[in-house]
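# Results of the structural survey
Here is how the chains run, residue by residue.
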Amino acid sequence: MRASLLQMQVDPDESVASRRERAASLVRGQAGADLVVLPELWPVGAFAHDRFAAEAEDADPATGPTALAMSAAARDAGVWLHAGSIVEKGEEGGALYNTSLVFSPTGELAAAYRKIHRFGFDRGEAALMTAGTTPVTVPHPQATLGLATCYDLRFPELFRALVDAGAGVLVVPAGWPAKRAAHWSLFTRARAVENQCFVLACGSAGTHAGVAQAGHSAVIDPWGETVAEAATTDETVLTVDLDLTQIEKVREVFPVLKDRVL
Ligand SMILES: NC(=O)CCC(=O)C(=O)O
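Residues numbered from 1 in each chain as written. Predicted model: local features only at pLDDT ≥ 70, side-chain atom pairs only at ≥ 80, totals over all residues.

## Notes on the sheet that holds strand 4 (residues 96–103)
Overall, mixed pairing links the 6 strands, which are arranged 5-4-3-2-1-14 in an open sheet. Looking at strand neighbours, the two that pair on one side only are strand 5 (109–114) and strand 14 (236–241), the edges of this open sheet. Strand-to-strand, the axes of this sheet are offset by a mean angle of 20°, without reference to chain direction. Two elements, strand 3 (residues 80–89) and strand 4, share 7 bridges in a ladder whose sense is antiparallel. When the bridges of strand 4 are listed, H82 appears paired with V102. (Pairing = 2+ DSSP bridges. Helix = DSSP H or I, 4+ residues; strand = E, 2+ residues; numbered from the N terminus. Axes fitted to C-alpha atoms, helices over the stretch in contact; angles between N-to-C directions.)

This is how it looks when you write it as structure tokens:
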């Protein structure tokens, strides 16, 4: 599997419309990849809480501008696209969700995952967004993808549920702050090792709402080795070729998942 992680710059001085066009053009540049991944809430910024309501949009490409642009870009490039997440306007009176969208190479919306663990304790995302309730996997032709978003990384039970549903590649878009970069590196590796999965963790670059982003997007293999890591907090594209047979090989030679009791 060739995967490309697009560690996009999210700055307040660029309009959402311009960033959307830029994201679409970056995706179009990834023809030949088997999976392309964008960060969490890249249209508005994961910490731009005061803009969440105004920038909320539909997850349906027929009515949502980001969904439409990402569907077209996936189709034009002929790639599976994890389009990061958007602030989704729920159908039920005013509820907002942090929703990840996955498109197939024909531009179909293959999956939508509403982030289950909202960050901020009683403020920010936790106060403004409604929590999702359902873990989501996606049947990519090469491996089952398990979806999680940023703060979800701190909750290993979600990842176990994804593995139980057949996931071999865990895809994690994020807007992780630079000041907790050490936790990012720890959790991405921990989730890979304990679940014997690949982890594709795509962070964002830049500073928005005063929060400098950690960047350092990373791809970790099922043994916990870092296959590739962005060496920067700036915008960059991380492209990596993964040997997916490693998932079964690691599970065979070190069958720890079979020793689960609970
Ligand atoms: N956007 C997020 O979920 C941020 C999570 C975070 O900052 C942390 O877990 O630390």
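Following the structure, the description resumes.
## Regarding the site of the ligand
The environment of the ligand is made up of E40, A46, F119, C150, Y151, R154, G175, W176, P177, R180 and H183. Among the residues forming the shell around the ligand, the class breakdown is 6 nonpolar, 2 polar and 3 charged. (Near = placed C-beta within 6 Å. Nonpolar A, V, L, I, M, F, W, Y, C, P; charged D, E, K, R; others polar.)

## A look at the packing of helix 5 (residues 156–164) against helix 6 (residues 181–195)
It is the contact of helix 5 with helix 6, at a shortest axis distance of 10 Å, that shows an interaxial angle of 40°. Considered as vectors, helix 5 and helix 6 are oriented oblique to each other. As for how helix 5 packs across helix 6, the hand of that crossing is right-handed. Between helix 5, through P156, F159, R160 and V163, and helix 6, the contact on the second element is made entirely by R191, E194 and N195. (Parallel < 35°, antiparallel > 145°, perpendicular 65-115°, else oblique. Left-handed = near helix turned anticlockwise from the far one by under 90°. Contact = placed C-beta atoms within 7 Å.)

## Here we look at the environment of L153
If you trace the backbone, L153 turns up in the loop between strand 7 (143–147) and helix 5. In contact with L153, other than residues within four places in its own chain, are A148, V172, F187, T188 and R191.

## Some words on the packing of helix 1 (residues 16–28) against helix 3 (residues 65–77)
Closest axis-to-axis distance for the helix 1/helix 3 pair is 8 Å, and the angle between their directions is 20°. Classed by the angle they form, the pair helix 1 and helix 3 counts as roughly parallel. Judged by the twist between their axes, the crossing of helix 1 over helix 3 is right-handed. Across the interface between the two elements, R20, A24, V27 and R28 of helix 1 pack against P65, T66, A69, A72, A73, A74, D76 and A77 of helix 3. Residue composition of the contact of helix 1 with helix 3, by class: 8 nonpolar, 1 polar and 3 charged.

## Brief notes about the pairing of strand 7
Within a regular strand, the side chains alternate between the two sheet faces. Of all the 5 residues making up strand 7, 4 are buried; the element is thus mostly covered by neighbouring parts of the structure. Pairing geometry for strand 6 (residues 137–140) and strand 7, over 4 bridges, is antiparallel. Within the sheet, the bridge partner assigned to V138 lies in strand 7 and is L145. Hairpin remark: strand 6 followed by strand 7, antiparallel, with 2 residues in the connecting loop. (Buried ≥ 20, exposed ≤ 12 C-beta atoms within 10 Å, placed from the backbone.)

## Regarding the environment of G78
Its place among the elements puts G78 in the loop between helix 3 and strand 3. Note: C-alpha distance between G78 and G206 (128 residues apart in sequence) is 29 Å. Not counting the four nearest positions on each side in its chain, G78 is found in contact with A31 and P105.

## Quick word on the environment of R123
Position of R123 among the secondary structure elements: in the loop between strand 5 and helix 4 (125–128). Considered as a pair, R123 and H49 are 74 residues apart in the sequence and their alpha carbons are 9.4 Å apart.

## With respect to the nonpolar core
V37, L81, L170, F198 and L200 are the most contacted members of the largest nonpolar core, which totals 76 residues. In terms of residue count, the dominant contributor to this core is helix 3 (6 residues). (Core = buried A, V, L, I, M, F, W, Y, C linked by C-beta atoms within 7 Å.)

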